[in-house]
Amino acid sequence: MAKLDWLNENNYLEEEIGREYRWCAWLLWGIALVILLIPVRGSALNLYYIQTADNSPAIIGHVIRLQPSSHRGIHGGKGGHYEAKIDIEYRGKAYYVTNVGFNFTQSMYEEACKTGLVPVYLNRAQPEKSVLSKGVPFVQYFSLALFSAVAMGLIIAGTWLMCRIRLSNRN
């Protein structure tokens, strides 16, 4: 048995486990970063633009293009999905509005197609980020919170793995 004493001082297995934990931690942080940069940032900006335009009066926009969209995502509003390009003029400059908001309904779509005009709720700071309908449904806030919580959970799990590596190296 004396010839196997060198196994007690062999740290190869611990180093391999630490390396795997490190890769898992970086993978979790990478996934969290993607979640935070794509759906969370996009939803948060969209909610911000709609809330900013929520308190403003409507101006009249001219329809350049307005059609039903084939894109389906988390919607939650009472309206449908539409692709829009609306021309507005604010303070002597022309802007194109493409955000229909969450509550752009079929009747609003039909009225806009018939008249060629649509009310646009102005975002005074960034007129190109104005919207065609006011209001944000609860499911949008819920999905933003859910994605943020998942990302934070992944960050915490990655941090826990890295701390576990450091603690095992001390022993």
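Scoring rules and cut-offs
- Residues numbered from 1 in each chain as written.
- Predicted model: local features only at pLDDT ≥ 70, side-chain atom pairs only at ≥ 80, totals over all residues.
- Heavy atoms only, no water.
- Helix = DSSP H or I, 4+ residues; strand = E, 2+ residues; numbered from the N terminus.
- Buried < 20%, exposed > 50% of the residue type's maximum accessible area, 1.4 Å probe, protein only.
- Contact = heavy atoms within 4.5 Å.
- Areas by Shrake-Rupley, 256 points an atom, 1.4 Å probe, with all protein chains shown as cover.
- Pairing = 2+ DSSP bridges.
- Axes fitted to C-alpha atoms, helices over the stretch in contact; angles between N-to-C directions.
- Salt bridge = Lys/Arg side-chain N within 4 Å of Asp/Glu carboxyl O.
- pLDDT = per-residue confidence, 0-100.
- Phe/Tyr/Trp six-rings, centres within 6.5 Å; stacked < 30°, edge-to-face > 60°.
- Lys NZ or Arg CZ within 6 Å of the ring centre and 35° of its normal.
- Core = buried A, V, L, I, M, F, W, Y, C linked by side-chain atoms within 4.5 Å.

Draft legend 1. Quick look at the overall build of the protein chain. Along the backbone of the protein chain there are three helices and four strands. Its helices and strands taken in sequence order, the protein chain reads α-β-β-β-α-β-α from the N to the C terminus. Here the protein chain holds 171 residues, and the buried ones make up 32% of them. Partitioning the intrachain contacts of the protein chain with sequence separation of at least 6 by distance along the chain shows that 74% fall at a separation of at least 24. For the protein chain, the exposed surface amounts to about 11400 Å²; the carbon and sulfur share of it is 60%.

Draft legend 2. Inspection of the sheet that holds strand β1 (residues 58-68) at higher detail. Taken together, four strands build an open sheet; the order of strands is β3-β2-β1-β4 and the sheet is antiparallel. With partners counted over all chains shown, the strands left at the sheet margins are β3 (93-97) and β4 (117-121), one partner each. Averaged over all pairs of adjacent strands, the angle between strand axes in this sheet comes to 35°, irrespective of strand direction. Pairing of strand β2 (residues 82-90) with β3 involves five bridges; the strand directions are antiparallel. Note on β3: the bridge partner recorded for I88 is Y95. Of the strands in this sheet, β1, β2 and β4 are in contact with helix α2 (residues 106-115), which crosses β1 at around 95°.

Draft legend 3. Quick look at the environment of L36. In this fold, L36 is placed in helix α1 (residues 12-54). Note: C-alpha distance between L36 and A151 (115 residues apart in sequence) is 6.6 Å. Discounting chain neighbours no more than four positions away, the residues touching L36 are R41, A151 and I155.

Draft legend 4. Representation of the pattern of salt bridges in the model. Enumeration over the complete set of coordinates arrives at one salt bridge. The salt bridge involving K114 is made with E111; its shortest N-O contact spans 3.8 Å. Placement of both K114 and E111 in helix α2 is noted, with a separation of three residues, approximately one turn of the helix. Accessibility expressed as a relative area gives 41% for E111, which makes it partly exposed.

Draft legend 5. Up close: the confidence of the model for the protein chain. Summing up the model confidence of the protein chain, the mean pLDDT is 82 and the portion of residues at 70 or higher is 83%. The weakest mean pLDDT in the protein chain belongs to β1 at 84; the strongest belongs to β4 at 89.

Draft legend 6. Region of the structure containing the pairing of β1. Pairing of β1 with β4 involves five bridges; the strand directions are antiparallel. Note on β4: the bridge partner recorded for I59 is V120. Relative to β2, β1 is paired through six bridges, and the arrangement is antiparallel. Pairing of L66 across the sheet is with A84, part of β2.

Draft legend 7. Expanded view of the packing of aromatic side chains. In this structure the tally under the stated criterion is three aromatic pairs. A centroid spacing of 5.1 Å and a plane angle of 85° characterise the contact between W26 and W29, whose relative ring orientation is edge-to-face. Taken together, the residues span about one helical turn, with W26 and W29 both in helix α1 at a distance of three residues. The exposure class assigned to W29 is partly exposed, which follows from its relative accessible area of 24%. For the cation-ring pair, K85 lies above Y96, with the distance from its terminal atom to the ring centre recorded as 4.6 Å.

Draft legend 8. Highlighting the nonpolar core. I35, L47, I50, F102, V131, V136 and L154 are the most contacted members of the largest nonpolar core, which has 18 residues in total. Taken together, the elements giving at least two residues each to this core come down to α1 and α3 (138-170). Here the element with the most residues in this core is α1; it accounts for eight residues. Other than its neighbours up to four places away in sequence, V136 contacts L47, I50, Q51, F102, N103 and Y141. Formed by 16 residues, the second largest nonpolar core is a distinct cluster that contains I88, Y95, V120 and L132.

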